[in-house]
Amino acid sequence: MSKKILILNGSPRPRGNTKALIEAFERGAAGHSVTRFDLQKMNIHGCLGCCGGGKDPASPCVQKDGMDKIYPAYQAADVVVLASPMYYWSISGQLKCAFDRLFAVAELDPNYANPVKDCILLMAAEGADEDNFAPVRAFYEGLVQRMGWKSLGIVCAGGNMAAGDIQNHPEQLQEAEELGRSV
């Protein structure tokens, strides 16, 4: 059965290592409906914490910006892919900003219930050992648990600092492609 996959690309590099992971994942997910947003190119403001959203399903946040393109894809998605380079042992600010704004969709529900999704994390990083990825794994696993989502997998692609370094690690790209195929 074909699934609707939403990819939130939190990388500022248009041709970086995260983008290569995304492209490999997309190859594997052929046959599914994939929508990708390159957050760096979008005008997305930080959450105001106003709790004033949830009134209009088509545009749930009080702020009107690039998120209005993301909300319908998010609401329809079966799978959400969080793709990011590692920044200070977490996801990028671009991805965190957009993800925070998804709270407006939870505000559509009187109990602030988030829509249930499957989730995937694709992450490129300079450091390659498991200790390097431990903080981001903890963040991701906590997020998925609190959201009531199911994790379909994580690709932690270490040893990739400069744009294009991931081409020296074809096994990482293969892992992302296989994860896409497994959806």
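Scroll up to find the structure this text is about.
I will try to describe carefully the structure that is included in this document. Keep in mind that what you see is a predicted model, and the values were worked out from it rather than measured.

Once that is clear, we can look at the pattern of salt bridges. Counting across every chain of the model gives 10 salt bridges. Aspartate 118 serves as the salt-bridge partner of lysine 3, at 4.0 Å between the closest nitrogen and oxygen. Taken together, the residues lysine 3 in the segment before β1 (4–9) and aspartate 118 in strand β4 (residues 118–124) connect sequence positions 115 residues apart. For lysine 96, the salt bridge goes to aspartate 100, with nearest N and O atoms at 2.5 Å. Taken together, the residues lysine 96 and aspartate 100, both in helix α3 (residues 93–101) and 4 residues apart, mark about one turn of the helix. Assessed through its relative accessible area of 30%, aspartate 100 is described here as partly exposed.

Before going further, it helps to spend a moment on the layout of surface pockets. Rolled over the atoms, a probe sized like a water molecule indicates the empty space that remains. When its volume is computed, the largest pocket comes out at roughly 360 Å³. Lining the largest pocket are 18 residues, and of these Met86, Tyr87, Ala125, Glu126 and Met161 sit closest to its centre.

So, on to the packing of aromatic side chains. For the structure on display, the rule yields 4 aromatic pairs. Consider the rings of tyrosine 74 and tryptophan 149, whose centres lie 6.4 Å apart with planes at 45 degrees: the pair is tilted. Of this pair, tyrosine 74 sits in helix α2 (residues 67–76) while tryptophan 149 sits in the loop between α5 (130–147) and β5 (150–157), placing them 75 residues apart in sequence. According to the relative accessible area criterion, tyrosine 74 is buried, its value standing at 0%. A centroid spacing of 5.9 Å and a plane angle of 70 degrees characterise the contact between phenylalanine 99 and tryptophan 149, whose relative ring orientation is edge-to-face. Placement of phenylalanine 99 in helix α3 and of tryptophan 149 in the loop between α5 and β5 is noted, with a sequence separation of 50 residues between them. You can call phenylalanine 99 buried: its relative accessible area is 10%. Ring pairing ties together the aromatic residues Tyr74, Phe99 and Trp149, which thus form one cluster.

This next bit is on the pairing of β5. One ladder, built from 7 bridges, connects β4 with β5; its direction is parallel. Among the inter-strand pairings, isoleucine 120 is bridged to a residue of β5, identified as glycine 153. With α5 bridging β4 and its parallel neighbour β5, the resulting β-α-β unit is right-handed.

Conventions and cut-offs
Residues numbered from 1 in each chain as written. Predicted model: local features only at pLDDT ≥ 70, side-chain atom pairs only at ≥ 80, totals over all residues. Heavy atoms only, no water. Salt bridge = Lys/Arg side-chain N within 4 Å of Asp/Glu carboxyl O. Helix = DSSP H or I, 4+ residues; strand = E, 2+ residues; numbered from the N terminus. Buried < 20%, exposed > 50% of the residue type's maximum accessible area, 1.4 Å probe, protein only. 1 Å grid on protein atoms, 1.4 Å probe; cavity = no way out; pocket = protein on both sides within 12 Å on 5 of 7 lines; lining within 4 Å. Points joined across faces, edges and corners; volume = space filled by probe spheres on them. Phe/Tyr/Trp six-rings, centres within 6.5 Å; stacked < 30°, edge-to-face > 60°. Pairing = 2+ DSSP bridges. Right-handed = clockwise from strand over helix to strand, strands pointing away.

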